[in-house]
Every structure is written in structure tokens, then in C-alpha cells.
Amino acid sequence: MEAITLAGIARRVLDELLRSPYKTLEIRSARNVIALERARELGRIFLTYETFQDVTVGTEGLLAEILRLESMEQRIPWEESDEREVTVCRAQVRLLGLGRIVEVRKRNTVLVVRVREMLPQEMDIG
């Protein structure tokens, strides 16, 4: 199965998704926001706690289907008088299963991976 990778996701978020298969994720990382925008066409994402640089063949994580995706700009206070604008993506996802990467392709700044679905007892996360 092919998916777009979201890297550096907190383990707590992955655990929550395992407990409740429908979840809305709020993504702020610039690289992950770009990846989500590109994942709109494919409809599937691979979530892992590994950093972008550490994603390789054998990396484990969660496969999810994107149900709804929305981008928004948020203004946050910066220093004393300035504001910064940050793009935030909210993705409502449905857990498809556990997976391990079998092939990694870099397309611009996005990692497109082929994932083998796994059974829970095969996982080594944690």
C-alpha cells in the first residue's frame, strides 16, 4: 500500500489513534503540512514517531485514511508587539492498521512510501 509519510509524530498521538481509530490531528510542522497537502490526492498517510531523516526501509508506524482535511492560518503573539502567522492543518483520519516501510521514494520534500500491513504481534514500536 502506498502512502505519504508524516514524521516526528508524538508517541502519545500514535497511542491515542490506536485506542480510538477516528481522530482529528492538528499538524503544525511545515514539512508535515506540505506532506498533508500532497496526501490529499492519495488519501492515505503513514504516521511515525521517527524523524524525517531517520525514515528508512523497516520503519514502523500507523497507516491512516484521510477523511477530511482543512488548512487554516493562525496568528500567534511573538515577542512584545509582533505577530506571526502559522499554517495549521487539521486532518480527520481513520486508522487502517499497523505497517512497516518496504520502499521509500523522495518526491520533492515529501516521502512517498510503500508499506506492508502488519499484525500487532509483529510490531516493535515502543
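Not measured: the values here are computed from a predicted model. (Residues numbered from 1 in each chain as written. Predicted model: local features only at pLDDT ≥ 70, side-chain atom pairs only at ≥ 80, totals over all residues. Heavy atoms only, no water.)

## Comments concerning the overall build of the protein chain
Formally: Strands here mean DSSP runs of E at least two residues long; helices mean DSSP runs of H or I at least four residues long; both are numbered from the N terminus. Here, Shrake-Rupley sampling with a 1.4 Å probe gives the accessible areas, and only protein chains in the shown set may cover a residue.
In terms of regular secondary structure, the protein chain is built from 2 helices and 6 strands. In the protein chain, the succession of α and β elements from N to C terminus is β-α-β-α-β-β-β-β. Of the roughly 7500 Å² that the protein chain leaves accessible, carbon and sulfur atoms contribute 45%.

## Topic: the nonpolar core
Convention followed: The nonpolar core is taken to be a set of buried Ala, Val, Leu, Ile, Met, Phe, Trp, Tyr and Cys residues, with the residues joined through side-chain atoms within 4.5 Å. For every residue, the accessible area (1.4 Å probe, protein chains only) is compared with the maximum for its type, and the residue is labelled buried under 20%, exposed over 50%, or partly exposed between those bounds. Whether two residues are in contact is decided by their heavy atoms, any of which lying within 4.5 Å being enough.
Grouped together as the largest cluster of nonpolar side chains are 24 residues, with contacts concentrated most on L6, I27, L36, I45, L47, L62 and V93. Contacts of I27, omitting those with residues within four sequence positions, involve L6, I9, N32, V33, L36, T87, V88 and C89. A3, L63, L111 and V115 belong to the second-largest nonpolar core, a separate cluster that totals 10 residues.

## Quick notes on unusual backbone geometry
The bulk of non-glycine residues show a negative phi, and the bulk of peptide bonds are trans. With phi around 60°, N108 is a residue other than glycine that occupies positive phi space. Relative to the helices and strands, N108 resides in the loop between β5 (82-107) and β6 (110-118).

Without other data, these values stay purely geometric and don't point to any function.
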